[in-house]
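# Coordinate inspection notes
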Amino acid sequence: MKYRLAVDIGATRTMLALVDVGSPRIVAHDRPYTETVFPGNRPPGHSLADAVRRFLDSQALTPESVIGVGVGVPGLVNQAIGHVLACPNLRLLDGTDLGPEASEDLGLPVFLDNNTNLIALGEHAAGIGQGVDDLAAVWVGSGVGSGLILNGRLYHGADGLAAELGHTIVVPNGLQCTCGGRGCAEMYCSGKALSLVAEQIFQPRELFQLGTRFAGARLVIEQALAGHERAHQVMVQAFTYLGYALANLVVLLSPRMIVLGGGVVKAWPEGISIAAEIVRREGSVEVPRDVLIVQSKLEDFAGVMGGATLVELEVG
Ligand SMILES: [Zn+2]
């Protein structure tokens, strides 16, 4: 029995999954902390190979059972050569030849792409977007990631860097973004954005008790669900900004479907209808676009499903 192996590297957790060849069945998965996958004592490609071997060991398998490895990276990637150009959420991957290093170490083909590109691929191959040939996946978590399927194929753009919806501008001269720009969408609707607002509406004591990164975002969502009026307004505003970013996307590309996912959408799905209403209002030029805005069903598994699909496309 042969499998496809997929790895979805996240800022906090990394998912590894074994997927059947020829069917989208996930046979096994694991979700170790990313800092245990990349402890920093070896070049990242070798650490990745170690993590793959540990995962295969746990399933009583060896690399010989695998036809290839598809890896999603939370950053900018040169897919053709498996090189990580920049990885703002995991700086130790910056400028590394993650693909070739891991490939040589494992003796297997290893393919890399941006993580939300792979999410779009996963939704198209095995998710709610199955068979939808013009599709955008937009993931609202700590940041805002996106991926595009156009004419049935993943769209990378001229430099392989397309589909950075989170860094399109929704407020001219707005908040300073971590990318160096100002007024980017993710500064207004992501977990990062909610954490900034949390510092204005909650006491430092309430936030301090929660401790972890982006805990402020969770507090805003929890309180919005519990009926806290200001927190609810903040969520409505965040999904309104998301709606404007999606409206621009719809006017530009006219996708048939936008699949929404990620921690913020999962925790507050009622925001989807708010964003959809903005798209309905602002996303038509003369003729309304027939676009479905839906929540992912694959959710956390969309990325590994995309990684497995990448292997299938590359290895066959
Ligand atoms: Zn930005």
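Note that this is a predicted model, so its numbers are computed, not measured.

Let us now look at the sheet that holds strand 10 (residues 153-154). Where strands meet in a sheet, backbone hydrogen bonds hold them as pairs that are either parallel or antiparallel. Strand order across the open sheet formed by five strands is 10-9-8-11-12, with mixed pairing between neighbours. Of all the strands in the sheet, the pair left with one neighbour each is strand 10 and strand 12 (292-295). Relative to strand 12, strand 11 (residues 257-261) runs parallel, the two sharing four bridges. Bridge pairing in strand 12 links Met-257 to Leu-292. Against the sheet, helix 4 (residues 115-126) contacts strand 8 (135-140), strand 9 (144-150), strand 10 and strand 11, and its axis sits at roughly 50° relative to strand 9. On top of the sheet, helix 9 (residues 229-253) reaches strand 8, strand 9 and strand 11; it is set at about 165° to strand 8, its chief contact.

A word on the domain arrangement of the protein chain. By the assigned domains, the protein chain splits into domain 1 (3-120 + 301-315) and domain 2 (132-297). Here the C-alpha centroids of domain 1 and domain 2 sit 26 Å apart. Listed by partner, the interface residues are 11 residues for domain 1 and 18 residues for domain 2. For the side of domain 1 that touches domain 2, the secondary-structure elements that each account for two or more residues are strand 5 (76-78) and helix 4. Sorting elements by how many residues they give to the side of domain 1 that touches domain 2 places helix 4 first, with five residues. Taken together, the residues of the side of domain 1 that touches domain 2 sort by class into six nonpolar, five polar and no charged.

So, on to the packing of helix 8 (residues 215-225) against helix 9. Contact geometry for helix 8 and helix 9: axes closest at 7 Å, N-to-C directions at 110°. It follows from the interaxial angle that helix 8 and helix 9 lie roughly perpendicular. Our pair here, helix 8 against helix 9, has a crossing hand that is left-handed. For the pair formed by helix 8 and helix 9, the contact residues are Val-220, Ile-221, Gln-223 and Ala-224 on the first element and Ala-231, His-232, Val-234 and Met-235 on the second. Class assignment for the residues of the contact of helix 8 with helix 9 results in six nonpolar, two polar and no charged.

This part covers unusual backbone geometry. In this structure, Ala-163 is a non-glycine residue whose phi angle is positive, near 70°. Note that Ala-163 resides in the loop between strand 10 and helix 5 (186-189). Phi angles above zero are rare outside glycine, and Asn-173 is one such case at about 55°. Residue classification places Asn-173 among the exposed residues on the basis of 8 C-beta atoms within 10 Å.

By secondary structure assignment, the location of Val-250 is in helix 9. Residue Val-250 is classed as buried on the basis of its 22 C-beta neighbours within 10 Å. Residues Val-250 and Arg-280 lie 30 residues apart in sequence; the distance between their C-alpha atoms is 9.7 Å. Those residues within four positions of Val-250 in sequence are excluded, and the remaining contacts are Pro-255, Val-279, Gly-283, Arg-289 and Val-291.

Considering soluble globular proteins, one finds that nonpolar side chains tend to be buried as a cluster. Within the largest apolar cluster, 101 residues are counted, with the highest numbers of intra-cluster contacts made by Val-52, Val-69, Val-138, Cys-189, Val-220, Ala-238 and Leu-246. In terms of residues, this core owes the most to one element, helix 9, which gives 13 residues. Domain assignment of the residues forming this core places at least three in each of domain 1 (3-120 + 301-315) and domain 2 (132-297). Setting aside residues no more than four positions away along its own chain, Val-69 makes contact with Leu-5, Val-7, Val-52, Ala-102, Leu-106, Leu-108, Val-110 and Val-311.

If you check helix 9, its first and last C-alpha atoms are 36 Å apart, about what 25 residues at 1.5 Å a residue would give, namely 36 Å. Phi for Ser-254, located one or two positions after helix 9, is positive at around 50°.

Our next topic: the environment of His-232. Checked against the element boundaries, His-232 lands in helix 9. Sequence separation between His-232 and Arg-289 is 57 residues, and the spatial gap between their C-alpha atoms is 29 Å.

Next up on the list: the sheet that holds strand 7 (residues 110-114). Across the sheet, five strands lie side by side as 3-2-1-4-7; this open sheet has mixed pairing. For this open sheet the edge positions go to strand 3 (26-30) and strand 7, each flanked by a neighbour on one side alone. On average, each strand axis in the sheet is inclined to that of its neighbour by 20°, with strand direction left out of account. Pairing of strand 2 (residues 14-20) with strand 3, which is carried by four bridges, proceeds in the antiparallel orientation. Note on strand 3: the bridge partner recorded for Leu-16 is Asp-30. Helix-sheet contacts for helix 4 involve strand 1 (3-9), strand 4 (66-73) and strand 7, and the interaxial angle to strand 7 is about 100°. Packed onto the sheet, helix 12 (residues 302-315) meets strand 1, strand 2, strand 3, strand 4 and strand 7 and runs at close to 130° relative to strand 4.

The rules behind these values
- Residues numbered from 1 in each chain as written.
- Predicted model: local features only at pLDDT ≥ 70, side-chain atom pairs only at ≥ 80, totals over all residues.
- Pairing = 2+ DSSP bridges.
- Helix = DSSP H or I, 4+ residues; strand = E, 2+ residues; numbered from the N terminus.
- Contact = placed C-beta atoms within 7 Å.
- Axes fitted to C-alpha atoms, helices over the stretch in contact; angles between N-to-C directions.
- Domains from an automatic or database assignment.
- Nonpolar A, V, L, I, M, F, W, Y, C, P; charged D, E, K, R; others polar.
- Parallel < 35°, antiparallel > 145°, perpendicular 65-115°, else oblique.
- Left-handed = near helix turned anticlockwise from the far one by under 90°.
- Buried ≥ 20, exposed ≤ 12 C-beta atoms within 10 Å, placed from the backbone.
- Core = buried A, V, L, I, M, F, W, Y, C linked by C-beta atoms within 7 Å.
- Expected span 1.5 Å × (residues − 1).

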